[in-house]
Amino acid sequence: MSEKQQVAMAVSAALPDLSLTEIENKIERPKDSSNGDFAFPTFFLAKKLHKAPQMIASELAEKISDEGFDKVVVAGPYINFFLNKGQVGAEIIKAILADPANYGKKDLGHEANVVIDYSSPNIAKPMGMGHLRSTMIGEAIARILEKENYHLIRVDYLGDWGTQFGKLMAAYEMWGNDAEIEKDPINTLLKYYVRINTEADEHPEYTDAGRAWFAKLEHGDKEAWRLWHWFRKISLERFQKVYDMLDVHFDSFNGEAFSARHMDLPIQLLKDKHLLKESRGAQIVDLDAYNLTPPLIIKSNGTTTYITRDLATALFRKRMYGHAKSLYVVGAEQENYYKQLKAVLKEMGFTWWDQLQHISFGLMRLNGKKMSTRKGNVVSLEDVLNDSIKLARQQIAEKNPDLANADEVAKQVGVGAVIFHDLKNYRRNAVNFKLEDVVRFEGETGPYVQYAHARAESILRKGGIDDFSNVDLTEVGSEAWDILSFLGQYANAVERAAVNYDPSIVAKYALELAKKFNQYYAHNRILQDDSGQAGRLALVKAVSLILKDALAMLDIKAPDEM
Ligand code: ARG
C-alpha cells in the first residue's frame, strides 16, 4: 500500500459513500511540507452536504483516526496528514530487502499475453539506427510489461520477402562472388542490390530478370530457395551479433516470408465481406470513412503486398497467441500505415482490431564524426556499440586502472550508455546521438546511474553487513526521507511506464534516484561507526537493489565495480 492509499483509507472511514479511488484522486501533496505530507481538500463536498468546507473538514477530522500518522490536523478547508516517517521509511526498506524483484510491481498484467513486434530488420541490408531504436525501445517495453506480470512473446518480424529479393538474386547471378559474400555478407549483398538498381535504367532486362527470379521463388524453384535461405541465414547471423551484444532474445523470427505462405485466409475473408474493390487492375480496400488512403491488397500483376502480409500476420498471431495486446515498435513515419492496417481489420469484422498498437518513435540523428553515415546511407549499429565500448574502456583506464574485469565492465558500460541515451527521452521525440555525450560519467547518462550503483555496492562491501533483519530502521526513515519517499513512488513510476509504453519514465526515475543517493552520500557519513550505521547501510542496500532493478528493466547491466 502506498502512503497515498494509506491516507485514502483513513479518509474513507469518514466518507463511506465515496470509493477509495475517488478519494485518492482528491488527495494532494502540499507544496510546503509544514502543511503535512498529504492534504485532503473538502471544497468539492460543500454543494452536496450544504455546508461550508471549513465545517466539513472539522467534522470529518473527528471521524478520522490518526493511527499510523504523526498527526492529522484541520487547516481551514483542508485536512492535513503528517506521516510517521520513521515507520513508513522502515517499511519501505524492509519491503525492498525482502523481495526486490517484486517491489514496485502492481500486477497489471495477470499473465495476459502480449505480442511485441520489434527490431524487425530487413535481410541483406545493414540494421540501421531505426532498427536500433526499435530493438532497444521494444526490449525495454517488454521487460517493463514483464515486471507487471504480462506474458511477452517477442517477435522479430524479418523483412525477408518481396520483389527486391528477385532483383538481388538476378544481381547475384551476374556478379555474385561467394567468397566476398562470406567475408562481409550484408554489405556485399547491399552492394549488388544497389548496383542492379542503378544500372537497371540502362538495362531494362535486369528488371525483367528480377521479376523472373521472384516468380521462381514464389513457385518454389530449388535454386531460388537455396539462395533465399542462404541470404537469410547469413543476414540473421550478423543481426544475432548485435542481439547478443544487447542481450536481446526473440521467441520467433517468423517474418514476411512466413506470412506470405498464409495469405489465403485474409484474402478470402476480404472477398467474403466484399471489401476488395477494383482500381486500375489492382485490388484495394476503400477507407474513405476513416479519412485514410486506400491500401493496395493485390497488385495488378497478381502479387500481394506488404499490408496483405501484415494482415495474415495479425490473424496468425491472434490465433496462435490469443493476445490481449499486440504491439508494433516501428518509427513514426509508419503511423498512417498502422492506421490502415487496423482499419482494414476492423472492416473485416475483427473486434480485437484495437488490441493492435503502433508504438511509434522519433528519428535518431547522428552528430559524431565517426558515426556520420558511411557506405550507402546506413550506419552500422555494431560499429556504434564497439566505439562506445572503446570509449568506456578508456574512461575506466583513467578512473580505475586496477579494475579486475575491466573489459567486461567496459562492455556493460559502453552498451548501457547507448541504450540509456536512446531511452531517456520520450520515445516520440527525436534523439541526437553524439558518442562523447553518451558515454560521460556525469550528467544524465547511463554510466552516471551505473556509477551510483557501483558506489553503493562499494560502500556495502566496506560495511560488511549482509543480514539487516534485526536492524532498527526507524531512525533512517526520518533522516533520509527524501530518498525513502522516492523509493515509495517506484511502483507508480513502473505503472506509468507500462501503461504508456514509455521506458523514459523508468530511465528518469533511475537518474533521479542516483542523484538523490549521491546527495545523501555527500552529506552523510554512511560508514561512521555509530548506532545508525547498520540502518544507513540497509538504506544503501535498498537503493542499490532498486537502481539495479530499474536498469535491468531498461536492459542495462549494473556492474558492482567500475
Ligand atoms: N521491416 C520493417 C522495416 O524495416 C518493419 C516491420 C515492422 N513490423 C511489421 N509487422 N510490419 O521498416
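Counting of residues starts from 1 at the beginning of each chain's written sequence and follows it residue by residue. Given that this is a predicted model, residues contribute local features only at a pLDDT of at least 70 and side-chain atom pairs are listed and counted only at 80 or more, while totals for whole chains, interfaces and linings are drawn from all residues. Computation of side-chain values covers all heavy atoms of the structure but excludes hydrogens and water.

(A) Local environment of the pattern of salt bridges. We count a salt bridge whenever a side-chain nitrogen from Lys or Arg sits within 4 Å of a carboxyl oxygen from Asp or Glu. Throughout the structure, instances matching the rule amount to 28 salt bridges. The closest approach of N and O atoms between Glu 256 and Arg 309, which form a salt bridge, is 2.9 Å. Taken together, the residues span a long stretch of sequence, with Glu 256 in helix 12 (residues 256–260) and Arg 309 in helix 14 (residues 306–321) at a distance of 53 residues. The same class applies to Glu 256 and to Arg 309, which are both buried. In this structure, the salt-bridge partner of Arg 428 is Glu 335, at a minimum N-O distance of 3.2 Å. In this pair, Arg 428 sits in the loop between helix 17 (406–423) and strand 12 (431–433) while Glu 335 sits in helix 15 (residues 335–347), placing the two residues 93 residues apart along the sequence. For the exposure calls, accessible area comes from a 1.4 Å probe over protein chains only, and a residue counts as buried if that area is under 20% of its type's maximum, exposed if over 50%, partly exposed in between. Judged by its relative accessible area of 43%, Arg 428 falls in the partly exposed class. Residue class for Glu 335 comes out partly exposed when judged on its relative accessible area of 28%. Strands are runs of DSSP state E lasting at least 2 residues, helices are runs of H or I lasting at least 4, and numbering of each runs from the N terminus.

(B) Region of interest: the site of the ligand. In the vicinity of the ligand, the residues found are Asp 117, Ser 120, Asn 122, His 131, Tyr 157, Tyr 306, Asp 310, Tyr 328, Val 330, Gln 334 and Tyr 338. Counting of polar contacts relies on pairs of N or O atoms within 3.5 Å, with two restrictions inside protein: one atom must be capable of donating a hydrogen and the other of accepting it, and residues adjacent in sequence are counted only when both atoms are side-chain atoms. Between Ser 120 and the ligand, the recorded distance is 2.9 Å, taken from a backbone N or O atom to a nitrogen atom. Note on areas: Shrake-Rupley, 1.4 Å probe, and residue coverage restricted to the protein chains presented here. Within the complex, 89% of the 350 Å² of free accessible area of the ligand lies under protein. Every element with two or more residues in the shell around the ligand is listed here: helix 14 and strand 9 (325–331). Ten residue types, Ala, Val, Leu, Ile, Met, Phe, Trp, Tyr, Cys and Pro, are classed as nonpolar, four, Asp, Glu, Lys and Arg, as charged, and the remainder, Gly among them, as polar. Broken down by class, the residue content of the shell around the ligand amounts to five nonpolar, four polar and two charged. It suffices for a single heavy atom of a residue to lie within 4 Å of a molecule or strand for the residue to be listed as near it.

(C) Just the side chain of Asp 156, in detail. For Asp 156, the location among the structural elements is in the loop between strand 5 (151–155) and helix 7 (163–175). No salt bridge is formed by the buried Asp 156, whose closest oppositely charged neighbour, Arg 232, lies at an N-O distance of 8.3 Å. A polar contact is formed between the side chain of Asp 156 and the side chain of Tyr 243, at a distance of 2.8 Å. We call two residues in contact whenever any of their non-hydrogen atoms come within 4.5 Å of each other. Contact partners of Asp 156, with chain neighbours within four places excluded, come to Tyr 118, Ser 119, Ser 120, Pro 121, Tyr 243, Phe 250, Ser 252, Phe 253 and Asn 254. Charged residues are defined here as Lys and Arg on the positive side and Asp and Glu on the negative side; His and the ends of the chain fall outside this count.

(D) The arrangement of the environment of Ser 469 in detail. Tracing the backbone shows Ser 469 in the loop between helix 19 (446–463) and helix 20 (474–479). Assessed through its relative accessible area of 56%, Ser 469 is described here as exposed. Distance from Ser 469 to Gln 528, taken between C-alpha atoms, is 20 Å for residues 59 residues apart in sequence. Side-chain polar atoms of Ser 469 contact the side chain of Asp 467, separated by 2.6 Å.

(E) Inspection of helix 15 at higher detail. Its 13 residues place the ends of helix 15 19 Å apart at the C-alpha level, agreeing with the 18 Å of an ideal helix rising 1.5 Å per residue. Among the residues of helix 15, those classed as buried are Tyr 337, Tyr 338, Gln 340, Leu 341, Lys 342, Ala 343, Val 344 and Leu 345. Residues of helix 15 that are buried in the fold lie against helix 13 (264–272), strand 7 (282–285), helix 14, strand 9 and strand 10 (356–361). Just downstream of helix 15, Gly 349 is the residue with a positive phi angle, here 95°. An expected span of 1.5 Å times one less than the residue number is assigned to each helix.

(F) Layout of the packing of aromatic side chains. Between rings of Phe, Tyr and Trp, where Trp is taken as its six-membered ring, a pair exists when centres lie within 6.5 Å; planes separated by under 30 degrees are stacked, by over 60 edge-to-face, and by other angles tilted. Considering all chains together, one arrives at 23 aromatic pairs under this definition. Seen in terms of ring centroids, Trp 175 and Tyr 206 are 5.8 Å apart; in terms of plane orientation they differ by 80°. Their pairing is edge-to-face. Taken together, the residues Trp 175 in helix 7 and Tyr 206 in helix 10 (residues 204–218) connect sequence positions 31 residues apart. A residue is classified by how much of its surface remains accessible, and Trp 175, at 18% relative accessible area, is buried. Taking 5.0 Å as the distance between ring centres and 45° as the angle between the ring planes, the aromatic pair formed by Tyr 490 and Tyr 509 counts as tilted. One end of the pair, Tyr 490, is in helix 22 (residues 490–499); the other, Tyr 509, is in helix 23 (residues 503–523), and 19 residues separate them in sequence. As far as the burial class goes, Tyr 490 and Tyr 509 line up, both buried. The rings of Tyr 103, Phe 486, Tyr 490 and Tyr 509 are connected pair by pair, giving a single aromatic cluster. Note on geometry: a ring has a charge over it if NZ (lysine) or CZ (arginine) is within 6 Å of the ring centre and within 35 degrees of the ring normal. Sitting above the plane of the Phe 44 ring, Lys 26 keeps its charged end 4.6 Å from the centroid. Over the face of the ring belonging to Phe 82 we find Lys 71, whose NZ or CZ atom lies 4.5 Å from the ring centre.

(G) Geometry of a nonpolar patch on the surface. On the surface, Met 1, Met 9 and Leu 20 cluster together into a nonpolar patch covering about 340 Å² of accessible area. The exposure class assigned to Leu 20 is partly exposed, which follows from its relative accessible area of 39%. Surface patches are defined over residues having more than 30% relative accessible area and no salt bridge, joining like charges when they lie within 9 Å and nonpolar side chains (Val, Leu, Ile, Met, Phe, Trp, Tyr) when within 5 Å.

(H) Just unusual backbone geometry, in detail. Even without a glycine there, the phi angle at Asp 247 is positive, about 55°. Residue Asp 247 is classed as partly exposed on the basis of its relative accessible area, which comes to 25%. For Arg 280, which is not glycine, the phi dihedral falls at a positive 45°. For Arg 280, the location among the structural elements is in the loop between strand 6 (276–279) and strand 7. Here Arg 280 falls in the exposed class, since its relative accessible area comes to 83%.

(I) Inspection of the sheet that holds strand 6 at higher detail. Any two strands are treated as partners once DSSP identifies two or more bridges connecting them. Ordered by their spatial adjacency, three strands build an open sheet running 6-7-8, and the pairing between neighbours is antiparallel. Bordering the open sheet on either side are strand 6 and strand 8 (296–298), each of which pairs with just one other strand. For this sheet, the mean inter-axis angle between neighbouring strands, taken without regard to orientation, is 50°. Where strand 7 and strand 8 come together, two bridges link them in antiparallel fashion. Bridge assignment links Gln 283 to a residue of strand 8, and that residue is Ile 298. Lines fitted to C-alpha atoms define the axes here, with helix axes fitted over just the stretch in contact, and angles between the N-to-C directions of these axes take values from 0 to 180 degrees.

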